[in-house]
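Here's the letter readout for the chains.
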Amino acid sequence: MRIDLVTIFPGILDGPFRESMIRRAVEKGLIRVNLVDLREFTHDRHRQVDDAPYGGGTGMVLKPEPVFEAVRHLKACSEAEKQLVILTSPAGQTFNQAMAQKLAAEKHLIIICGRYEGVDERVRESLVDREISIGDYVLTGGELPAAVIVDAVARLLPGFLAEEAAQNESFTEGLLEHPHYTRPPVFEGMAVPPVLLSGNHGEIDRWRRRMSLKYTLERRPDLLKGIALTEEERAYLEELSKKGDSGSGNPGR
Ligand code: ABV
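Residues numbered from 1 in each chain as written. Predicted model: local features only at pLDDT ≥ 70, side-chain atom pairs only at ≥ 80, totals over all residues. Heavy atoms only, no water.

Visitor: Talk me through the site of the ligand; I want residue IDs and the actual numbers.
Guide: What surrounds the ligand is a group of 14 residues, the closest being Thr88, Ser133, Ile134, Gly135 and Gly142. At 2.9 Å, a side-chain N or O of Ser133 approaches a nitrogen atom of the ligand. Contact between the ligand and Gly135: a nitrogen atom at 3.2 Å from a main-chain N or O atom of the residue. In isolation the ligand exposes 280 Å². Once the protein is present, 100% of that is buried. When residues in the shell around the ligand are grouped by element, the largest group, three residues, is from strand S5 (residues 84-94). Looking at the shell around the ligand, its residues break down into six nonpolar, seven polar and one charged. (Near = heavy atom within 4 Å. Polar contact = N/O pair within 3.5 Å; in protein donor to acceptor, adjacent residues only side chain to side chain. Areas by Shrake-Rupley, 256 points an atom, 1.4 Å probe, with all protein chains shown as cover. Helix = DSSP H or I, 4+ residues; strand = E, 2+ residues; numbered from the N terminus. Nonpolar A, V, L, I, M, F, W, Y, C, P; charged D, E, K, R; others polar.)

Visitor: Which residues make up the pattern of salt bridges, and what are the values?
Guide: Applying the stated criterion across every chain, the model contains 16 salt bridges. In this structure, the salt-bridge partner of Asp4 is Arg2, at a minimum N-O distance of 3.0 Å. Note on Asp4: relative accessible area 0%, which makes it buried. Here Arg2 falls in the buried class, since its relative accessible area comes to 10%. Between Glu232 and Arg210 there is a salt bridge, with its nearest N and O atoms 3.3 Å apart. (Salt bridge = Lys/Arg side-chain N within 4 Å of Asp/Glu carboxyl O. Buried < 20%, exposed > 50% of the residue type's maximum accessible area, 1.4 Å probe, protein only.)

Visitor: Describe the packing of aromatic side chains, naming the residues involved and giving the relevant values.
Guide: One pass over the structure, following the stated rule, counts zero aromatic pairs. Lying across the ring of Phe160, Arg24 places its NZ or CZ 5.5 Å from the centre. One residue, Arg219, lies across the ring of Tyr215, its end atom 4.0 Å from the ring centre. (Phe/Tyr/Trp six-rings, centres within 6.5 Å; stacked < 30°, edge-to-face > 60°. Lys NZ or Arg CZ within 6 Å of the ring centre and 35° of its normal.)

Shown next, in the form of structure tokens:
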């Protein structure tokens, strides 16, 4: 997958893609991330990328010409059959895992990092395929949202995660993760649940599934609506809600 990020602040995005997990995806050849400085697509002496809004008011609006020119250039040199053009914007659809999965199936994403103050409407109208927000809070620009999208998409690309991790995630799909422990077996008087040391993988799987259900019920009950549960799991949740119980050992939050 190729991902182009069109931005007036390429420096913000430099770090995230040179570190850690995303760097691994780049090194494995799963993605190519290309930072595109919008100013390279200006032709005036001041390399102006924004301008005052027609009709007056505060803030600056991203000018259409450099954005159109940048995206047209990126499409022209694309090796993919089709490119998906995304604008990060507070007015977009809220990003979620299902969207990340859809995007992970694309060959070439062009992400335009918007500004909070705005982007000329003609960019939206005739250049952008999807507008995406990452949540209902105010940021100054779309660079961090773009980094969030790239991170979520990159880890879904085939070959990124270890086989088992990918399977495990689809197993608990839509639920919160069960708790995790590592050595030592007792830390400052707090013991690891004995089942995890038992070597009984049937029992361990069952415990983990139950803890996932319990955590999800306690912290994000809204997520349970979309989940297919077995009769046994349904009964377990029923029992937990009746008891109003935080159960054996692990805290609610
Ligand atoms: C893009 N907030 S996406 C640009 N949730 C500015 C702010 C902003 C985005 C999001």
